[in-house]
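Listed here are the chains, written in short residue letters.
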Protein chains: 2
Amino acid sequence: MSNDDSSFGATVRRLRNEKDIGLRKFAQMVGMSPTYLSKVERDEFAPPAEDKVRAIADARGQDADELLALAGRVSAELADIIKRHPREMATFLRAANGLSAEEMQRLVEEARRLKKEEGT
Amino acid sequence: MSNDDSSFGATVRRLRNEKDIGLRKFAQMVGMSPTYLSKVERDEFAPPAEDKVRAIADARGQDADELLALAGRVSAELADIIKRHPREMATFLRAANGLSAEEMQRLVEEARRLKKEEGT
DNA sequence: TCGTTCGTATAGTAGACACTAAACACTCGA
DNA sequence: TCGAGTGTTTAGTGTCTACTATACGAACGA
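Quantities reported herein were computed from a predicted structural model and do not represent experimental measurements.

(A) Seen up close, the domain arrangement of chain A. Its domain assignment divides chain A into domain 1 (8–76) and domain 2 (85–118). A separation of 30 Å is found between the C-alpha centroids of domain 1 of chain A and domain 2 of chain A.

Structure (structure tokens):
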């Protein structure tokens, strides 16, 4: 679960190779040294900081939250949302843990509905 | 918002003084040096690591998630939940951001209801 | 006034985090 | 065969995190 092809490094390498971008070029695109990127891609170094992970996701049109999760991180933006309502969000996350994507989708819609009602 | 009486440090000091516990004793209770605790309480040092924050919350019967939030942290447990379903949770958190405690409570109940149905 | 307890100031540290530069070995087209 | 490109190895570095030990000055009780 760390050196196979679903690891962060392997994923980045696959993403990069899909478009035949060289290591040096991609490193420049995302703002890091080729050396570092090489090590990161082989999981020899831990995943980089949030901004680099985002840059990688952006460069390849991937979902940033997902790539961040693979990097073992939670975006600062989401952390901030939780910090604003820690008890409520903590309770919710524990309650929602394990629900399927469809069920989560229902809750998202419910949340949006509640929010819209506020503007009434 | 950092040196007033709602800061992490000031909160810990208040919590400690409420029961007239000395700095040295409390430091020992939560497993840190008195020196460090003193600085933390005056916000001269940043809040400690998650386990210490939890120890403080436990020692004074406070909500750990809330104290962690005040410490600018999100518990590793919650981060893990998000990492398991990053897209869904990220979407939800953004959608739910700004809802009131009551509205969040409704979503928690909905989540619990959905989960119960699964066992059917 | 001595001993104890209080909080504080000073000065440091081990270890992790997030990287970088330079040099290297290999391959491949011209 | 050479030079231009590929990825990799070696050997670091500066900054931050999360603390600690020792020593200090003030107050208080016996």
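(B) Just the relation of the copies chain B and chain A, in detail. With an RMSD of 0.0 Å, chain B superimposes on chain A once it is rotated by 180° and translated 0.0 Å along the axis. The symmetry that links the two subunits is that of a two-fold axis. Rotation axis and chain B: the residue whose C-alpha lies nearest the axis is Leu-107 of chain B, separated from it by 3.4 Å.

(C) The environment of Asp-43 of chain B, seen in detail. Residue and element names in this part refer to chain B. On the secondary structure map, Asp-43 appears in the loop between α3 (34–41) and α4 (50–59). A relative accessible area of 26% means that Asp-43 is categorised as partly exposed. The sequence separation of Asp-43 and Arg-87 amounts to 44 residues, and the corresponding C-alpha distance is 36 Å.

(D) Expanded view of unusual backbone geometry. Here the phi dihedral of Asp-20 of chain A falls at roughly 50°; this positive angle occurs in a residue that is not glycine. For Asp-43 of chain A, which is not glycine, the phi torsion reads 55° and is therefore positive.

(E) Representation of the environment of Leu-107 of chain B within the structure. Along the chain, Leu-107 of chain B turns up in helix α8 (residues 101–118). Classification of Leu-107 of chain B as buried rests on a relative accessible area of 0%. C-alpha of Leu-107 of chain B to C-alpha of Ala-96 of chain B: the two residues are 11 residues apart in sequence and 9.1 Å apart in space. Filtering out sequence-adjacent residues up to four positions away, Leu-107 of chain B remains in contact with Phe-92, Leu-107, Glu-110, Ala-111 and Leu-114 of chain A together with Phe-92 and Leu-99 of chain B.

(F) Spatial organisation of the protein's contact with DNA strand C. Around DNA strand C sit 18 residues in total, of which Thr-35 and Phe-45 of chain A together with Leu-23, Arg-24 and Lys-39 of chain B are the nearest. Between DNA strand C and Arg-16 of chain B, the relevant distance is 2.9 Å, taken from a phosphate oxygen to a side-chain nitrogen or oxygen of the residue. Contacts to DNA strand C include Arg-42 of chain B, whose side-chain N or O atom sits 2.9 Å from a phosphate oxygen. Elements supplying a minimum of two residues to the surface near DNA strand C: α3 (34–41) of chain A together with α1 (8–18), α2 (23–30) and α3 of chain B. The element that contributes the greatest number of residues to the surface near DNA strand C is α3 of chain B, accounting for 3 residues. Its residues assigned to classes, the surface near DNA strand C comprises 6 nonpolar, 5 polar and 7 charged.

(G) Region of interest: the protein's contact with DNA strand D. Around DNA strand D sit 18 residues in total, of which Leu-23, Arg-24 and Lys-39 of chain A together with Thr-35 and Phe-45 of chain B are the nearest. For DNA strand D, the backbone portion of the atoms within 4 Å of the protein, that is sugar and phosphate, comes to 47%. Arg-16 of chain A is positioned with one of its side-chain polar atoms (N or O) 2.8 Å from a phosphate oxygen of DNA strand D. Note that a phosphate oxygen of DNA strand D is positioned 2.9 Å from one of the side-chain N or O atoms of Arg-73 of chain B. Elements that contribute at least two residues to the surface near DNA strand D include exactly α1 (8–18), α2 (23–30) and α3 of chain A together with α3 of chain B. Per-element accounting of the surface near DNA strand D gives the leading share, 3 residues, to α3 of chain A.

The rules behind the values
Residues numbered from 1 in each chain as written. Chains lettered and ligands numbered in written order. Predicted model: local features only at pLDDT ≥ 70, side-chain atom pairs only at ≥ 80, totals over all residues. Heavy atoms only, no water. Domains from an automatic or database assignment. Least-squares fit on C-alpha atoms with pLDDT ≥ 70 in both. Helix = DSSP H or I, 4+ residues; strand = E, 2+ residues; numbered from the N terminus. Buried < 20%, exposed > 50% of the residue type's maximum accessible area, 1.4 Å probe, protein only. Contact = heavy atoms within 4.5 Å. Near = heavy atom within 4 Å. Polar contact = N/O pair within 3.5 Å; in protein donor to acceptor, adjacent residues only side chain to side chain. Nonpolar A, V, L, I, M, F, W, Y, C, P; charged D, E, K, R; others polar.

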